Amino acid sequence: MNVAFNKYADGLVPAIIQDYNTSKVLMLGFMNEEAYKQTEQTGKVTFYSRSKQRLWTKGEESGHFLELKSISVDCDNDTLLIKAIPHGPVCHTGADTCWSEKNHADNFLLYLEEVIRLRSKASPDESYVASLMQKGINKVAQKVGEEAVEVVIEAKDDNETLFLNESADLLFHFMVLLVTKNYTLNDVVNVLKSRHSK
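Keep in mind the model is a prediction, meaning the values are calculated, not measured. Along each chain, the written sequence defines residue order, and numbers are assigned to residues from 1. Where local features are concerned, this predicted model is filtered to residues with pLDDT of at least 70; where side-chain atom pairs are given and counted, the filter is 80 or more; whole-chain, interface and lining totals use all residues. By convention in this description, side-chain values take in all heavy atoms of the structure and omit both hydrogens and water.

A word on the overall build of the protein chain
Okay, so step 1: Elements are defined by DSSP. Helices are runs of H or I of four residues or more, strands are runs of E of two residues or more, and each kind is numbered from the N terminus. The secondary structure content of the protein chain amounts to six helices and six strands.
Okay, so step 2: Listing the helices and strands of the protein chain from first to last along the sequence gives β-β-α-β-β-β-β-α-α-α-α-α.
Okay, so step 3: Based on the C-alpha atoms only, the size of the protein chain along its principal axes is roughly 70 × 40 × 25 Å.
Okay, so step 4: Any two residues whose heavy atoms approach within 4.5 Å are treated as being in contact. Long-range contacts, defined here as pairs at least 24 residues apart, represent 46% of the contacts in the protein chain between residues at least 6 apart.

Have a look at this one:
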């Protein structure tokens, strides 16, 4: 990849950081050629800090690293788009992004998955998700099976409301099962994508 670092007097090119999973723009930094190479070699996004006048790996103090997934350069070869997985808040203020946005996709299912993950850590007395997960994987899996049977039963009838409600219950409990097993909807989507490409 040909990056025109010499296009700017200071040898720095803008680097836009985008979340690999949610597509949210997380921050903007600057890279010189050395920072670019170190990012590629280590897999951790590294910038040139204009205030510190040195290379700076995001997360070197906080532990909130940006795990590199891909780098691309724009049509003028002078701006980088870096897709990464953030390990913690990105902004020094503690916000998810440097624009104080919540880092979740504008996709309700991915948002719901995040809510389920948060509720799984709540008190079982306060959260249905936590209380179900506390009963163990067998109970969570059993609930998915029960909801699947309900969907099949309602599919044979013509009551749209009941069918859609049971379908929603099945999808919700399947998502709880995924979180319980430390998987994500994207993991399932990636399997589907790999099958589709064959």
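Things to note about the packing of aromatic side chains
Okay, so step 1: Only the six-membered ring of Trp is used, alongside the rings of Phe and Tyr, when aromatic pairs are assigned; centres must lie within 6.5 Å, and planes under 30 degrees apart are stacked while those over 60 apart are edge-to-face, with the rest tilted. Summed over all chains, the structure comprises three aromatic pairs.
Okay, so step 2: Ring plane angle 50 degrees and centroid distance 6.1 Å describe the contact between phenylalanine 108 and tyrosine 111, whose orientation is recorded as tilted. Here phenylalanine 108 and its partner tyrosine 111 are both found in helix 2 (residues 108-119), three residues apart, which amounts to about one turn of the helix.
Okay, so step 3: Burial status follows relative accessibility: with a 1.4 Å probe on protein chains alone, a residue under 20% of its type maximum counts as buried, one over 50% as exposed, and anything between as partly exposed. Since its relative accessible area comes to 56%, phenylalanine 108 is described here as exposed.
Okay, so step 4: One residue, lysine 44, lies across the ring of phenylalanine 65, its end atom 3.9 Å from the ring centre.
Okay, so step 5: Its end group placed over the ring of tyrosine 20, lysine 69 keeps NZ or CZ at 5.2 Å from the ring centre. Only when the NZ atom of a Lys or the CZ atom of an Arg is both within 6 Å of the ring centre and within 35 degrees of the ring normal do we say a charge sits over the ring.

Topic: the nonpolar core
Okay, so step 1: Take the buried residues of types Ala, Val, Leu, Ile, Met, Phe, Trp, Tyr and Cys, join any two whose side-chain atoms come within 4.5 Å, and each joined set is a nonpolar core. Core analysis: the biggest nonpolar cluster contains 22 residues, and Ile17, Met31, Val45, Leu66, Leu80 and Ile82 have the highest contact counts within it.
Okay, so step 2: Only strand 1 (13-19), strand 2 (25-31), helix 1 (33-42), strand 3 (46-49), strand 5 (66-73) and strand 6 (80-86) provide two or more residues apiece to this core.
Okay, so step 3: Apart from residues no more than four positions distant in its own chain, isoleucine 17 is found in contact with Lys24, Val25, Leu26, Met27, Val45, Phe47, Leu66, Ile82 and Ala84.
Okay, so step 4: Leu112, Val129, Leu132 and Leu185 belong to the second largest nonpolar core, which has 15 residues in total.

Side note on a nonpolar patch on the surface
Okay, so step 1: Together, Phe108, Leu109, Tyr111, Leu171, Phe174, Val188 and Leu192 make up a nonpolar patch on the protein surface, roughly 600 Å² of accessible area in all.
Okay, so step 2: Sorting the residues of the nonpolar patch by element identifies helix 2, helix 5 (160-180) and helix 6 (185-196) as the ones contributing at least two each.
Okay, so step 3: Among the elements that make up the nonpolar patch, the one with the highest residue count is helix 2 (three residues).
Okay, so step 4: Note on placement: leucine 171 falls in helix 5.
Okay, so step 5: Using a relative accessible area of 37% as the deciding quantity, one classes leucine 171 as partly exposed. Any residue with relative accessible area above 30% and no salt bridge may belong to a patch, with like charges joined within 9 Å and the nonpolar Val, Leu, Ile, Met, Phe, Trp and Tyr side chains within 5 Å. Per-residue and other accessible areas were derived by the Shrake-Rupley procedure at a 1.4 Å probe size, with only the shown protein chains allowed to occlude residues. Should a side-chain nitrogen of Lys or Arg be within 4 Å of a carboxyl oxygen of Asp or Glu, the pair is scored as a salt bridge.

As for helix 1
Okay, so step 1: Looking at helix 1, one finds that the buried residues are Ala35, Tyr36 and Thr39. Along the long axis of helix 1, the arc covered by the buried residues comes to 105 degrees, so they all point the same way. Seen from the buried face of helix 1, the exposed residues on the opposite side, beyond 90 degrees, are Glu34 and Gln41.
Okay, so step 2: Packing partners of the buried residues in helix 1 comprise strand 2, strand 3, strand 4 (54-57), strand 5 and strand 6.
Okay, so step 3: N-cap assignment for helix 1: the residue whose side-chain oxygen lies 3.2 Å from the backbone N of glutamate 34 is asparagine 32.
Okay, so step 4: After helix 1 finishes, the residue glycine 43 shows a positive phi value of roughly 80 degrees. An arc is given here, and it is the one of the directions from the helix axis to the C-beta atoms. Here a polar contact is recorded for every N or O atom pair within 3.5 Å, except that within protein the pair must consist of a potential hydrogen donor and a potential acceptor, and residues adjacent in sequence are included only if both atoms are side-chain atoms.

Examining the environment of proline 86
Okay, so step 1: Position of proline 86 relative to the elements: it lies in strand 6.
Okay, so step 2: Once the C-alpha coordinates of proline 86 and asparagine 190 are considered, the two residues, 104 residues apart in sequence, prove to be 19 Å apart.
Okay, so step 3: With near-sequence residues (within four places) excluded, proline 86 lies in contact with Asp19, Leu26, Phe65, Leu66 and Asn103.

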